[in-house]
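Coordinate inspection notes
Chain by chain, the residues run as shown.
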Amino acid sequence: MGQSQQTENSEEIDVKALQDMYKKFVMECPSGLLFLHEFKRFFGVDPTGEASDYAENMFRAFDRNGDNTIDFLEFVAALNLVFRGDLEHKLRWSFKVYDKDNNGYVDRSELRSIIDSIYRIKKGTKTDMNESQLSVDEVVDRILEAVDSDGDGHINMEEFIRGAQQDAWVLNMLKLDMNPAGWVLEQRRRSAHF
């Protein structure tokens, strides 16, 4: 009791790293607000590279109040979730990444867009691309078949969470999004900003 549940990624942000991030945040964003182009620069993401779409989706999920900016509190809250959140919280966050139009559902085109981004990033980093090489559309079809329990062509948050928790293949296909900490750490390592 009282101990937090261990997640797949046991790395945590220490106080020194948080202080360094705050200093960099204030230097990059003296207004106290981080815009999308600054977010990409902050993490060293090429605006036209494979990670660009993924970074945009992460930015949107971090922007909790929907004002198209991230303030430092939103930034810290997001990093806390990324590094310390349990599986269900990460799935809830991941659902927000997928739900581009914020309507409470993930439709085929939203799902396809994210899966395509994940494939492009994996191809760019040459990780895990030996997986039976399903096409993006085949992956989308399999995920919808496994997760869309009422068959309406949309995935609500409950279906998304339940489906990912109950189907190891679905969870594995979402792994890049389920491990935003790995993405953040990798971008932080690549960036001269940290």
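Residues numbered from 1 in each chain as written. Predicted model: local features only at pLDDT ≥ 70, side-chain atom pairs only at ≥ 80, totals over all residues. Heavy atoms only, no water.

The name an unreviewed UniProt entry assigns to the protein chain is Guanylyl cyclase-activating protein 2, from the organism Nibea albiflora.

1. Thoughts on the packing of helix α3 (residues 51-62) against helix α5 (residues 87-98)
The condition is simple: Note on geometry: axes are lines fitted to C-alpha atoms, helical ones only across the stretch in contact, with angles between N-to-C directions running from 0 to 180 degrees. In this description a helix means any DSSP run of H or I spanning at least four residues, a strand means any run of E spanning at least two, and both kinds are numbered starting from the N terminus. Reported orientations rely on four angle classes, namely roughly parallel under 35 degrees, roughly antiparallel over 145, roughly perpendicular from 65 to 115, and oblique for the rest. Here a crossing is taken to be left-handed if its near helix is turned anticlockwise relative to the far helix by less than a right angle, and right-handed if that turn runs clockwise. The contact rule is simple, with two residues in contact once any of their heavy atoms fall within 4.5 Å. Residues are grouped as follows: Ala, Val, Leu, Ile, Met, Phe, Trp, Tyr, Cys and Pro are nonpolar; Asp, Glu, Lys and Arg are charged; every other residue, Gly included, is polar.
The geometry of α3 relative to α5 is characterised by a closest axis approach of 8 Å and an angle of 120° between their N-to-C directions. With respect to each other, α3 and α5 are oriented oblique. You can see that α3 and α5 cross each other, and the crossing is right-handed. Residues Asn-57, Met-58, Arg-60, Ala-61 and Phe-62 of α3 pack against Trp-93, Lys-96, Val-97 and Tyr-98 of α5. Among the residues forming the contact of α3 with α5, the class breakdown is six nonpolar, one polar and two charged.

2. Thoughts on unusual backbone geometry
For clarity, the threshold we go by: Classification of residues uses two cut-offs on accessible area relative to the type maximum, computed with a 1.4 Å probe and protein chains only: under 20% is buried, over 50% is exposed, and between them is partly exposed.
We note that Asn-68 has phi near 65°; this positive angle belongs to a residue other than glycine. Along the polypeptide, Asn-68 turns up in the loop between α3 and β2 (70-71). Unusually for a residue other than glycine, Asn-102 sits at a positive phi of about 60°. Look at Asn-102 and you get exposed, because its relative accessible area is 63%.

3. Quick notes on helix α8 (residues 157-166)
Inspection of α8 places Glu-159, Phe-160, Ile-161, Gly-163 and Ala-164 among the buried residues, and these make up the whole buried set. Turning to α8, the residues buried within the fold contact α5, α7 (136-147), β4 (154-156) and α9 (168-173).

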